[in-house]
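# Structural overview for review
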Amino acid sequence: MSGIPLYAQLINLFAAILLLLAFAMLTQRRVLSLVNLFAAQGFALAVSTAIVAFGTHQPHLYWSAGLTLLLKVVLLPWLLHRLIDRLDVKWDVEGLINIPTTMLIGIVLVVFSFNLAYPISQLASTVTRATLGIAIASVMLSFLMMITRRKALPQVIGFLAMENGLLFAATSATYGMPMVVELGIGLDVLVGMLILGVFFFQIREQFDSLDLKHLEKLREGE
Amino acid sequence: MTLSGFASQLLQLAIALALAPILVGWVNQCRAWLANKSAPPLLLPYRTIRKLFAKDAVVAEGASPIFRVTPYIVFGAMCCAAAIVPSLATDLPFARAADAIALVGLFALARVFGALAAMDIGTAFGSLGARREMFIGFLAEPALLMVLFTASLISGSTSLPTIVDTLAHRELAIYPSLAFAGVAFTMVSLAENARIPVDNPATHLELTMIHEAMILEYSARHLALIEWAAALKLFNYSCIGLALFFPIGIAAAGGGATAMLGAAVILIGKLALGGFLLAVIETLSAKMRIFRAPEFLGTAFLLAVLAMLVNQLLGS
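Only a predicted model underlies this, so the values are computations on that prediction, with no experimental measurement involved.

What counts, and at which threshold
- Residues numbered from 1 in each chain as written.
- Chains lettered and ligands numbered in written order.
- Predicted model: local features only at pLDDT ≥ 70, side-chain atom pairs only at ≥ 80, totals over all residues.
- Helix = DSSP H or I, 4+ residues; strand = E, 2+ residues; numbered from the N terminus.
- Rg over C-alpha atoms; globule rule 2.2 N^0.38 Å.
- Buried ≥ 20, exposed ≤ 12 C-beta atoms within 10 Å, placed from the backbone.
- Contact = placed C-beta atoms within 7 Å.
- pLDDT = per-residue confidence, 0-100.
- Nonpolar A, V, L, I, M, F, W, Y, C, P; charged D, E, K, R; others polar.
- Axes fitted to C-alpha atoms, helices over the stretch in contact; angles between N-to-C directions.
- Left-handed = near helix turned anticlockwise from the far one by under 90°.
- Core = buried A, V, L, I, M, F, W, Y, C linked by C-beta atoms within 7 Å.
- Expected span 1.5 Å × (residues − 1).
- Bend = angle between axes of the 7 residues up to and from the residue.
- Parallel < 35°, antiparallel > 145°, perpendicular 65-115°, else oblique.

Assigned secondary structure in chain A consists of 7 helices and 0 strands. Its C-alpha radius of gyration of 18 Å places chain A within 12% of the 17 Å reference for a compact globule of 222 residues. Projecting the C-alpha coordinates of chain A onto the three principal axes gives extents of approximately 65 × 35 × 25 Å. Per-residue burial over chain A gives 39% buried out of 222 residues. Contacts spanning at least 24 positions in sequence make up 72% of the contacts within chain A whose residues lie at least 6 apart.

Here is the structure:
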């Protein structure tokens, strides 16, 4: 691994931390810790984006890092915390599958995505191409989190974490997306979060719970 | 086999045997300080061992020879391990006989005999402890192997002295994989040495003890050997961790006596720090329910596998 400049090593380090945090979220039982882990993942993403910007002299990535910091570390966790307070849902989240099994499935997913990314990263010319596998893996792990969780809030956090992974993939494969696209995605996530927040209240009013299995029934009284 | 290699081998084994009880005493002292209690003397484990050697051994009725030979086998396995692990120097003639995988095998041998002896007597506690020990062991062992494989992948060899040589003399670079492996190794060591999140070394409460339940029937010299072997196990694990993740200060081949002495001083410093950290971990965490142990060790396994995968992805 010697011969790689220091900033690339730092990016690799933060990529590894990102993956670790994705696993931590996958296995986390408590909603509050889940939100904090999500904020930490956003922070790792922002720092690694800033390092890429510094190392490769791509000033527009600073904006992306700043946007990530503002949205993912400050605004969305704050909204989520408020939502948890209002809905009073500090319960433990039980997954559909037990945690060691989830971890094993997660490892299989990581192996799969590393293999998937290998030929793609051979084509890319960026310094950060090796981290593409990690980006795909964290998208997959967020997917898995959405699948294995029963309650609405962890699923939404999984959705948001997936967006983290996508942004990281964009940064590592092509040094980020055009500013317009990034702004669009950022606003989309924010608006999506607001709408889902309203949804939560509706769901709870209807079913007295945020368990999504109630939504599987199409009609009342069947 | 050169003479200096032989000398360093003997010196290392002697230092391991002498320091292991002191390390246990030091960890106990730190734990007492952190809990705001007056600390037991540093040399208390030594006194316990001396006291136990002076007593007459009592062996339960119906004990088979396995029960009698187990303390010697366990102690012997831990001594072998102490001779293989490069704690002071990497110029160890004996270490070429066994690599990292054989080292894990040595630990497994000690564990299997401990469990057999515990079940041999036929008391309820013995078999309960043996079952729990094997339960923890079968979860911890793959994680330990994965940690060692990660280090082997980085250095291209499973021989411990070569691994440590490579890691000590590499260019300064950030290895995320080594950081993951380090955390995984810490978790495995806590579980394997019957430390607090998994087992409490100070308890004799029936429902929670694991290691203590297995050795309840031993007395006198047998118990002394088992206690000493447990101390050696802790020492060995600490030395593996220090050698893999903080290899600074280990004497290289052909360093001579002064290098060995310098390495010994540095090792004592590192062990004192490591023991203090262990006491901090034990003080800060609560003992888990035994059914949470798979999750704990599963996390260790996950970290170790991630370390290996990340090393493959980023390190190539």
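The subject of this paragraph is the overall build of chain B. Counting its regular elements, chain B contains 11 helices and 0 strands. Each helix (α) and strand (β) of chain B, taken in turn from the N terminus, gives the series α-α-α-α-α-α-α-α-α-α-α. Since a compact globule built from 316 residues should have a radius of gyration of about 20 Å, the 19 Å found for chain B is in line with a globular shape. Counting only C-alpha atoms, chain B reaches 60 × 45 × 40 Å along its principal axes. With 316 residues in all, chain B has 49% of them scored as buried. Pairs at least 24 apart in sequence give 81% of the contacts found in chain B among residues at least 6 apart.

If pLDDT is low for a region, its predicted coordinates should not be looked at in detail. Of all residues in chain B, 96% attain a pLDDT of 70 or more, and the chain-wide mean is 84. In the model output, the complex is listed with pTM 0.84 alongside ipTM 0.76.

It is worth spelling out the interface of chain B and chain A at this point. Every contact between the two is made by 17 residues of chain B and, on the other side, 20 residues of chain A. Those elements that provide at least two residues to the side of chain B that touches chain A are α7 (176-192) and α11 (293-315) of chain B. Of all the elements, α11 of chain B adds the most residues to the side of chain B that touches chain A, at 11 residues. Here the side of chain B that touches chain A is composed, by residue class, of 13 nonpolar, 2 polar and 2 charged.

Residues and elements named next belong to chain B. Taken N-terminus to C-terminus, the directions of helix α5 (residues 124-155) and helix α6 (residues 160-168) make an angle of 60 degrees; their axes are 9 Å apart at the nearest point. Taken as a pair, α5 and α6 cross one another with a handedness that is left-handed. Together, Ala151, Ser152 and Ser155 of α5 and Thr162, Ile163, Thr166 and Leu167 of α6 make up the contact between the two elements. Class assignment of the residues belonging to the contact of α5 with α6 gives a composition of 3 nonpolar, 4 polar and no charged.

Take the nonpolar core next. Grouped burial of nonpolar side chains is what soluble globular proteins tend to show. In terms of nonpolar packing, the biggest core is built from 161 residues, with Leu18 of chain A together with Leu23, Ala143, Val147, Ala184 and Ala304 of chain B touching the most fellow members. Among all residues touching leucine 18 of chain A, those that are not within four sequence positions of it are Gln41, Ala44, Leu45, Ile134, Ser138 and Phe168 of chain A.

Time to look at unusual backbone geometry. Look at histidine 57 of chain A: it is not a glycine, yet its phi comes out positive at around 55 degrees. Turning to its location among the elements, histidine 57 of chain A is positioned in the loop between α2 (31-56) and α3 (60-87). A residue is classified by how many C-beta atoms lie within 10 Å of it, and histidine 57 of chain A, with 7 of them, is exposed. Its identity as a non-glycine residue notwithstanding, alanine 220 of chain B has a phi of 50 degrees, on the positive side. Tracing the backbone through its elements, the reader meets alanine 220 of chain B in helix α9 (residues 220-245). A tally of 16 C-beta atoms within 10 Å means that alanine 220 of chain B is categorised as partly exposed.

Before going further, it helps to spend a moment on α5 of chain B. Residue and element names in this part refer to chain B. The end-to-end C-alpha distance of α5 is 46 Å, a good match for the 46 Å that 32 residues give at a rise of 1.5 Å each. The sharpest bend along α5 comes to roughly 25 degrees, located at alanine 140, with the proline proline 142 sitting one to four residues further on. Just past α5, the residue glycine 156 takes up positive phi, approximately 75 degrees.

All names here are of chain B. Between its first and last C-alpha, α7 extends 24 Å over 17 residues, near the 24 Å set by a 1.5 Å rise per residue. The element α7 is largely enclosed, with a buried count of 15 among its 17 residues. Positive backbone phi, at 55 degrees, marks alanine 194, one or two positions downstream of α7.

The predicted model of chain A averages 81 in pLDDT, with 91% of residues at 70 or higher. Highest mean pLDDT in chain A belongs to helix α5 (residues 132-148) of chain A (89); lowest belongs to helix α7 (residues 179-207) of chain A (78).

The geometry of a pair of packed helices is captured by two quantities: the angle between their axes and the separation between those axes. Residue and element names in this part refer to chain A. Orientation of helix α1 (residues 6-26) relative to α2, taken along the N-to-C sense of each, is 165 degrees, at an axis distance of 9 Å. With respect to α2, the element α1 is oriented roughly antiparallel. The two elements α1 and α2 meet at a crossing, and its hand is left-handed. Looking at the contact of α1 with α2 residue by residue, the class counts come to 22 nonpolar, 3 polar and no charged.

Our focus in this paragraph is the environment of leucine 109 of chain A. The topology assignment puts leucine 109 of chain A in helix α4 (residues 99-123). With 10 residues separating them along the chain, leucine 109 of chain A and proline 119 of chain A place their C-alpha atoms 17 Å apart.

Residues and elements named next belong to chain B. Summarising the element assignment, alanine 213 is placed in helix α8 (residues 211-214). Remark: the alpha-carbon pair of alanine 213 and leucine 128, spanning 85 residues in sequence, is separated by 7.4 Å. Contacts of alanine 213, omitting those with residues within four sequence positions, involve Phe125, Gly126, Leu128 and Gly129.

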